[in-house]
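In case you want the letters, here they are:
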Amino acid sequence: MAGKPTFYVTTPIYYVNDNPHVGHAYTTLACDVLARFKRLDGFEVKFLTGTDEHGQKVEKSAQAAGTDAQTFTDRVSQKFRDLTKAMNFSNDDFIRTTEPRHIKACQALWQEVAARKTPKGNDNIYLASYGGWYSVRDEAFWGEDELVTGPDGQKTAPTGALVEWVEEPSYFFRLSDWADWLLEFYDKHPDFIAPNSRRNEVVSFVKGGLQDLSISRTTFSWGVPVPGDPKHIMYVWFDALINYITAVGYPDKTGEYAKFWPADLHVVGKDILRFHAVYWPTFLAGGGLEVQKRVFAQGWWTIEGQKMSKSLGNAIDPLALIARYGLDPVRFFLLREVPYGNDGDFSRRAMIGRINGELANELGNLAQRTLVQINKNCAAQVPKPGLFIDVDNTLLDAAKALLAQSRAAMDRQEFHVALESIWLVVRAANAYIDHQAPWALKKTDLARMNTVLYVLVEVERRIALLLQPFMPDSMAKMLDQLAVPAGARDFTAFDTALAAGTNLPPPQGVFPRYVEEQEGAA
Ligand code: MSP
């Protein structure tokens, strides 16, 4: 029997120089929703997240905190693991780059790459000396022509980070030999980089020519030693990217590697697309491995119009958001508010608007109104429908079409499109209940009342099934209220209608309204 189709999705691994904020939670959330969706859709999923623990930035943060690097990374990495619990993330693994399995994978890939030639027949790796500008904050090298000199003579990278002159012996990866290969690869794989605007940026960057990349450092020691030359440690990005294959068992190419590699999707922030769409494919191909299938670059959240940063003190702690608004409303808001891929602004008003407008009023009330009427007027059982008329079929068909629509949207990482199509049906169902007025039918036409209420619960069942990846706990409650058995909650049961006569539990609201805390309020 053929196995299930597989789906391997990864988040960036987070630097442990600082505590997690809502930007990090957002990235992992997107992957969680995809992973949950694919599991419900019959895939065997591997969903990976973790922490990026080497490099100068982390080493410096540890020094500033007065602790050794390992103790420091243990502490901060734990906060990212705690966040996965608090956000109800369903990751199957959590990788730390200080783990032995990862060091082993890094050294194996280094050796593999070093033993092979570039597409132009040169050695992939060579030893030379590096002299250039480095930004510790970005953990990136910058060309002289990319820098801006401030009035004080200080040079900064395009990201605004300070750069310093670095001069040291270094191993280089011969990236310059890979440009044509990359352009051909992008051509052959038009969906490799998304959204499309980002793809164009990457293609023009590569067309501009690529410089060889310094991939080892000698002036500090918090990293993976280069095999055969341990004075050198690997450049943190060379080390970090490899996490995606470490987690499937590389250098062992049987087992999970054979099953899940190449990864279906790396979700990253737009700031780190170049590393994933230019460097990583060449490291992989340089080592004779297959390249990941796709990279999606998401946008950035600002806070009430301002950049989120430690120095501005406005970085939002996801735990505080959850405490205030509840977990599922936060999960919903983040993916509903902004088209995925675009930048977004986080505002209290927008958050409360979505909670009260869409969750409490539209979805919550829809379910509540239907279930209260069934409870009172149908002996708390799924009513038996009569013949459907056009309005019924229109609504039922719209709900039925949502699975294919959501699948297509999720495969393009268009969460907002999936949610918008679901919400069109939520709104159509609200309009239907208002027009059909089952409460009035109760006095005039009981059979028709039963049909209307049946159509409504059937539509709500489909909506709840599809919203599970976004709001797992709330949708589990909603499906409980609709008495959908545990075994009928994946998408194979999407067309398995509720059976008339099924007993329904007493209705309970799923989404409370958010009431703004007021000064002096009790
Ligand atoms: N360690 C590297 C990634 C290595 S992956 C092999 C790194 N870490 S990071 O912690 O600085 O950032 C990771 C990701 O967090 C960013 O790419 C981005 O996706 C996300 N975000 C950080 N701040 C963000 C916002 N304000 N808004 C949205 N996402 C943001 O880069």
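Here the structure is shown first, and the text comes after it.
All of the points below concern the structure found in this document. (Residues numbered from 1 in each chain as written. Predicted model: local features only at pLDDT ≥ 70, side-chain atom pairs only at ≥ 80, totals over all residues. Heavy atoms only, no water.)

Our focus in this paragraph is the pairing of strand β1 (residues 6-10). With 4 of 5 residues buried, β1 lies mostly within the body of the structure. As paired strands, β1 and strand β3 (residues 44-52) are joined by 5 bridges and run parallel to one another. Opposite T6, over in β3, you have E44 as the bridge partner. Across 2 bridges, the pairing between β1 and strand β15 (residues 265-269) is parallel. Counted as the bridge partner of V9 is L265 from β15. (Buried < 20%, exposed > 50% of the residue type's maximum accessible area, 1.4 Å probe, protein only. Helix = DSSP H or I, 4+ residues; strand = E, 2+ residues; numbered from the N terminus. Pairing = 2+ DSSP bridges.)

Further remarks concern the packing of aromatic side chains. Under the counting rule described, the total for this entry stands at 39 aromatic pairs. Sitting over the ring of F43, K38 keeps its end group 4.3 Å from the ring centre. Over the face of the ring belonging to F205 we find R274, whose NZ or CZ atom lies 3.7 Å from the ring centre. (Phe/Tyr/Trp six-rings, centres within 6.5 Å; stacked < 30°, edge-to-face > 60°. Lys NZ or Arg CZ within 6 Å of the ring centre and 35° of its normal.)

Looking at the ligand, there are 24 residues lining it, with I13, Y15, D52, Q298 and W301 nearest. D52 places a polar side-chain atom, nitrogen or oxygen, 2.7 Å from a nitrogen atom of the ligand. Contact between the ligand and D271: an oxygen atom at 3.2 Å from a side-chain N or O atom of the residue. Coverage of the ligand by the protein amounts to 95% of the 660 Å² it exposes when considered alone. Elements with a contribution of two residues or more to the shell around the ligand: β2 (14-15), α1 (22-40), α7 (236-241), α8 (243-246) and β15. (Near = heavy atom within 4 Å. Polar contact = N/O pair within 3.5 Å; in protein donor to acceptor, adjacent residues only side chain to side chain. Areas by Shrake-Rupley, 256 points an atom, 1.4 Å probe, with all protein chains shown as cover.)

Read across the open sheet, the 3 strands follow the order β18-β17-β19; overall the sheet is mixed. Of all strands in the sheet, those bounded by a partner on one side alone are β18 (306-307) and β19 (344-346). As defined by bridge partners, strand β17 (residues 301-303) adjoins β19 across 3 bridges and the pair is classed as parallel. The partner of I303 across the bridge, within β19, is F346.

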